[in-house]
Amino acid sequence: MKDLDARKQSILEAVVLEYVEGAEPVGSELLVSKYELGVKSATVRNELAEMSELGYLEQPHTSAGRIPSDLGYRYYVDRLLLERDVEAQTKQNVRSVAAEGDALQSMLSETARVLSRFTQLLSVAAIARNEGTVVRSALVSALGPIQALLVLVLSNGHVVNRVIEVPVGLTLQDIGKANEGLAGALAGTSLGALAKTKPPASGSNLPYDKLQATLWTSLRSMARELTRGRLVVEGEEFIFTKPEFQRDVGAISDLFQNLLGGSEIYDALSPTGEFGAQVVKIGKENRSHHLHQFSLVRSSFFVGDREAGVIALIGPTRMQYDRSIPLVNFTARALSESLTKFFG
């Protein structure tokens, strides 16, 4: 990425700020009238043309002004951005929501909802794929004559429930014995190991033995699902309010259905493995071509020193990076503090 001199940097920053605010191509006359650039309109036009040739700006139409390119946004984020401090009330709201909930899934859902509302962007949280996540406890409780609830609690705070069918004739003593067996067999077991565990072999038709087979089959299935990771998504409706996406709402709707139905967003949020790692992907920097119209700001959250997942904002490349980046980073820290307190 070529260095820009001070004048070009000032003009590029002004173009980014104006386009983020108004979603309209920016002309030299507007820049000269609104910013103290110290040069005339003709000079600014020449500078805009040079930065277009260098790839930092684009001109949608021959007679139109300029808009930032992906490279222009990247230069702005890396070298010109002055991050805003997160407002005190916003910090309080995020901390409050991040501290609520007795399970990772519910905590992330509420946090993503608040983050989306504050920014008017799509908020996504990904629970890390981690075969090394340890089972803290498992419990089965009767719901009726032929149903029971199986609850799995993990070391990263995730809690999974599944209703299972149980054999007729099962007693409360059988349930208690099964829970004793689960406590002894699962304590400290990783999801990866659980997913590969073979159900106990038994040719018996006794209700307890049938329950054992059902429990272990269900536990293996839950472990396999959990090692694939999960997404929490909030704020899809905000994407359709952005001017650049209103030209073809149907296409954007189809695009999001494809993204959310597959693994592309999860892969884009894939954990970094670095404590407190924060990443900004702009437009075509995203691996998936379906995300080339979007920017993604993500930050990892942790339970102790173990990465539990990623919180992110997704919006148009015309994003308020100075607000989005510090807010995502603060939210990740708040989640890490709460999860470590509860489950660390």
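Note that the coordinates shown come from a computational prediction; the quantities given were computed from them, not determined experimentally. (Residues numbered from 1 in each chain as written. Predicted model: local features only at pLDDT ≥ 70, side-chain atom pairs only at ≥ 80, totals over all residues. Heavy atoms only, no water.)

**Quick notes on unusual backbone geometry**
As a reminder, the rule being used: What counts as a helix is a DSSP run of H or I of at least four residues, what counts as a strand is a run of E of at least two, and both are numbered from the N terminus.
Of note in the backbone geometry, A23 takes a positive phi value of approximately 60° without being a glycine. Within the element layout of this structure, A23 appears in the loop between α1 (6–22) and α2 (28–34). Positive phi is not limited to glycine here, since Q120 has a value of about 60°.

**Quick word on the pairing of strand β6 (residues 159–165)**
Our working definition: In this analysis, strands are considered paired if DSSP registers two or more bridges between them.
Bridge count between strand β5 (residues 147–154) and β6: seven bridges; the pairing is antiparallel. Looking at the pairing, Q147 lines up with E165 of β6.

**Some thoughts on the packing of aromatic side chains**
Going by this rule: Only rings of Phe, Tyr and Trp enter the pairing, Trp through its six-membered ring, and a pair is recorded when the two centres are within 6.5 Å. The plane angle decides the type: under 30 degrees is stacked, over 60 is edge-to-face, the rest tilted. Only protein chains enter the accessibility calculation, which uses a 1.4 Å probe. A residue is then buried if its area is under 20% of the maximum for its type, exposed if over 50%, and partly exposed in between. Charge-over-ring contacts are defined here by two conditions on Lys NZ or Arg CZ: a distance within 6 Å of the ring centre and an angle within 35 degrees of the ring normal.
Taken as a whole and assessed by the stated rule, the structure comprises three aromatic pairs. Considering the side-chain rings of Y73 and Y321, the 5.8 Å spacing of their centres and the 50° angle between planes classify their relative orientation as tilted. Note that Y73 is positioned in helix α4 (residues 70–80) and Y321 in helix α13 (residues 321–343), a separation of 248 residues in sequence. Taking relative accessible area as the criterion, Y73 reaches 1% and is therefore assigned buried. Looking at R117, its charged tip hangs above the ring of F118, at a distance of 5.4 Å from the centre. The ring centre of Y208 lies 4.3 Å from the NZ or CZ of K177, which sits over that ring.

**A word on the packing of helix α7 (residues 172–186) against helix α9 (residues 207–226)**
We apply this condition: Between N-to-C directions, angles span 0 to 180 degrees; the directions come from axes that are lines fitted to C-alpha atoms, helices contributing only their stretch in contact. Orientation labels follow simple angle bins: below 35 degrees gives roughly parallel, above 145 gives roughly antiparallel, 65 to 115 gives roughly perpendicular, and whatever is left gives oblique. A clockwise turn of the near helix away from the far one marks a right-handed crossing, whereas an anticlockwise turn of less than a right angle marks a left-handed crossing. In this description, contact between two residues means that some pair of their heavy atoms is separated by no more than 4.5 Å. For this classification, Asp, Glu, Lys and Arg are treated as charged, while Ala, Val, Leu, Ile, Met, Phe, Trp, Tyr, Cys and Pro are nonpolar and the rest, including Gly, are polar.
α9 packs onto α7 with a crossing angle of 40° between their chain directions and a minimal axis gap of 10 Å. For the element pair α7 / α9, the angle class is oblique. Considering only the axes of α7 and α9, their crossing is right-handed. Every residue of α9 that contacts α7 at D174, I175, K177, A178, L182, A185 and L186 is listed here: P207, Y208, L211, Q212, L215, W216 and L219. Class assignment for the residues of the contact of α7 with α9 results in eleven nonpolar, one polar and two charged.

**Details of empty space enclosed by the protein**
The criterion, for reference: Lining residues are defined by having an atom within 4 Å of a point belonging to a cavity or pocket. Those points lie on a 1 Å grid over the protein atoms alone, cavities being sets where a 1.4 Å probe fits but cannot get out and pockets being open sets with protein on both sides within 12 Å along at least five of seven lines. Grid points are joined across faces, edges and corners, and a volume is the space filled by probe spheres set on the points.
Following the criterion strictly, the structure yields one cavity of 30 Å³ or more and no others. Space inside the largest cavity adds up to approximately 70 Å³. Here the residues of the lining of the largest cavity are counted per class, giving five nonpolar, five polar and one charged.

**Digging into the nonpolar core**
The following threshold applies: Side-chain atoms within 4.5 Å are what join buried Ala, Val, Leu, Ile, Met, Phe, Trp, Tyr and Cys residues into a set we call a nonpolar core.
Core analysis: the largest hydrophobic core is formed by 57 residues, its most contacted members being I11, L12, L31, L108, F301, I311 and Y321. It is α13 that contributes the most residues to this core, nine residues altogether. Those residues in contact with L12 that lie beyond four places of it in its chain are L4, M51, Y56, L57, G72, Y75 and L80. Core analysis: the second largest hydrophobic core is formed by 26 residues, L150, V166, L211 and M222 among them.

**Re the environment of K40**
By the element assignment, K40 lies in the loop between α2 and α3 (41–54). On the accessibility criterion, K40 (69% relative accessible area) is exposed. Sequence spacing of K40 and S28 is twelve residues, and the spatial spacing of their C-alpha atoms is 8.9 Å.

**Observations concerning the sheet that holds β6**
What the three strands build is an open sheet, ordered β4-β5-β6; its pairing is antiparallel. Edge positions in the open sheet fall to β4 (135–142) and β6, since each of these has one partner strand only. Within this sheet the neighbouring strands show an average axis-to-axis angle of 15°, counted without direction. Sheet topology places β4 next to β5; seven bridges connect them, and they run antiparallel. Looking at the pairing, L139 lines up with V151 of β5. Contacts between α7 and the sheet are confined to β4 and β5, with β4 contributing the most and set at about 170° to the helix. Here α9 sits on the sheet and contacts β4, β5 and β6; the angle it forms with β6, its principal contact strand, is near 145°.

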